[in-house]
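Chain residues, written in single-letter form:
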Amino acid sequence: MEIEESINKTNNKEGLFKRLFISDSENISTKKRLFNGLLIFLLLVFVFIFSIEKIGYDMRWGAVFKYKHKFILGFKMTFLLSFFSLFTSLIIGSFFTVASRSKFLPLYYLYRFYVAMIRGTPFLVQIYVFFYVIGTAFNLTNRYIMGIIILSLFSGAYVTEIIRSGIEGISKSQLETSDSLGFNTYQKYRYIIIPQVIKKITPPLAGQFLSLVKDSSLLSVIAVNELTKNIQEADSLNFASIENYLLLAGLYMIITIPLSYLSKLLERKFSYEY
Amino acid sequence: MNINIDNLTKSYENNKVLNDININLKNITSLAIIGPSGGGKSTLLRILAGLEKPDKGNIKINDWNILFNEKYLKTYRKNIGMLFQAYNLFPHISAIRNITLPLEEVHKINKKEAFKKAQSLLERFQLSKHSNKRPDKLSGGQKQRVAIARALALNSEFLLFDEPTSALDPELTMEVLDMINNLRKENKDLILVTHEMGFARKACEYTIFISEGKIIEHGESERIFTSPKSKELKRFLGKLFQWH
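The rules behind the values
Residues numbered from 1 in each chain as written. Chains lettered and ligands numbered in written order. Predicted model: local features only at pLDDT ≥ 70, side-chain atom pairs only at ≥ 80, totals over all residues. Heavy atoms only, no water. Helix = DSSP H or I, 4+ residues; strand = E, 2+ residues; numbered from the N terminus. Rg over C-alpha atoms; globule rule 2.2 N^0.38 Å. Buried < 20%, exposed > 50% of the residue type's maximum accessible area, 1.4 Å probe, protein only. Contact = heavy atoms within 4.5 Å. Areas by Shrake-Rupley, 256 points an atom, 1.4 Å probe, with all protein chains shown as cover. Lys, Arg positive; Asp, Glu negative; His and termini not counted. Charge placed at Lys NZ, Arg CZ, Asp CG, Glu CD. Axes fitted to C-alpha atoms, helices over the stretch in contact; angles between N-to-C directions. Parallel < 35°, antiparallel > 145°, perpendicular 65-115°, else oblique. Left-handed = near helix turned anticlockwise from the far one by under 90°. Phe/Tyr/Trp six-rings, centres within 6.5 Å; stacked < 30°, edge-to-face > 60°.

Once that is clear, we can look at the overall build of chain A. Helix and strand content of chain A: 11 helices and zero strands. Ordered by position from N to C terminus, the α and β elements of chain A give α-α-α-α-α-α-α-α-α-α-α. Whereas a compact globule of 274 residues would reach a radius of gyration of roughly 19 Å, chain A reaches 25 Å, over 25% beyond that. The burial tally for chain A puts 37% of its 274 residues in the buried class. Partitioning the intrachain contacts of chain A with sequence separation of at least 6 by distance along the chain shows that 74% fall at a separation of at least 24. Carbon and sulfur atoms provide 69% of the accessible area of chain A, an area that totals close to 17000 Å². The centroid of the 29 positive side-chain charges in chain A is displaced by 8 Å from the centroid of its 19 negative side-chain charges.

As structure tokens, this is what we get:
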């Protein structure tokens, strides 16, 4: 009897543990998701608050609020920079993907040099070179347009490699089948390659676009009036560094979280259920 | 179907895969190409399908005097059907869409008609209940049969099969061979590279034996299998039937 009871007890215990924490099926209940999500969130908040208490830091949110116009201005600018750069880098990436597959060798080598240089050098150096050397030489001095161009050129190299690897992932036999069925090049891309590539590259592309949003902060070095620069300015006035940068992080997340949500939606849309 | 091949040669990096192939066949409805692996039979078929360019030689099939430039090949490929060993259905679209897509886009048949045509073919081959499944939800035999239905829908002048059953287990192999045999009964001309000797013998009128890039022997299938002349063919068949 006693043994049985104790077995039952442990079973119950295990049962409770399983019910609360273990993912058991494809459809985890909303309650379970909420519970576990909240648990981790609160844990992180606790660690943070504990640390702030421990160092005895006195939060002064009022000092931050005083400069809210700077935050709003910077946020708008970062949003616009990211928005335009995202599209431009997609266009640049598509162009260099075509170049990478081109039989015209100068175009192919343009792609090779472009990707090697952009991916092999620090973004900071690229910003200085493009803005102060090339921009000055060719009289391109609008920092915002230059900011978008520079950010897009930088991100475009990664986008190129993502799209290129997506296309190369389509098996040769599929291309051969399209040939043997009589598809022309346009039809081959439109109906066979692109639908499969979009699905394949959406997750890494989303990752790249999240990086792009954050990388836009480096444009502050050529005095583009974006979010990070505004916060740095506010910081030099109110000295509430931790508050300023926490808010900065939060504001970036307002852009990045919907972006990653959007990519999930796209991924689902292009999953092969027609 | 009339087939005329003159001095056909093809090499890959100094390795002669086809070495001066010559053959002239008239009024053939079904042709089997047999031979040891690596002997050049698939390469020959791929050249006949316009997927590979020969180094030199002339090929004439019916009225097609095949020119190996992209423009000519595009028209040519549109008019013939090719079936591959690995089925090669497009993975991102359903079975029926695999059939209607080339009908609509390449052959400019309107949506309704293409759908009807595809549906009736799938029905005929007992595949209707799979028509909305994507290829990864189909068995190997079903995939190959959908691929054959696709080739049939295009109303090709003749069909080329590259080892259509070599990736299938015996039961599914029978399923596919039955289907191919059905086509033959309808006088659909076909050329088939195969390891299924029974099928070559019973279902194909004429057989070519290729080894080391050359046609060693060819003739009526029954004759090829019952009284082979060359020692290469004798050895090849002897090896095959060792375990029969």
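What follows deals with the packing of helix α8 (residues 172-181) of chain A against helix α9 (residues 185-215) of chain A. All names here are of chain A. Direction vectors running N to C along α8 and α9 enclose 160 degrees, while the axes themselves pass 11 Å from each other. On the basis of the axis angle, α8 is roughly antiparallel to α9. Where α8 crosses over α9, the handedness of that crossing is right-handed. Residue-level inspection shows Q174, L175, S178 and D179 of α8 in contact with α9, the latter providing K188, I192, I193 and Q196.

Taken as a whole and judged by the stated rule, the model has 18 aromatic pairs over all chains. Between W64 of chain B and Y72 of chain B, the aromatic rings sit 6.1 Å apart at their centres with planes inclined by 85 degrees, giving edge-to-face as the arrangement. The same class applies to W64 of chain B as to Y72 of chain B, namely buried. Chaining the aromatic ring pairs together yields one cluster made of F79, F83, F84 and F87 of chain A.

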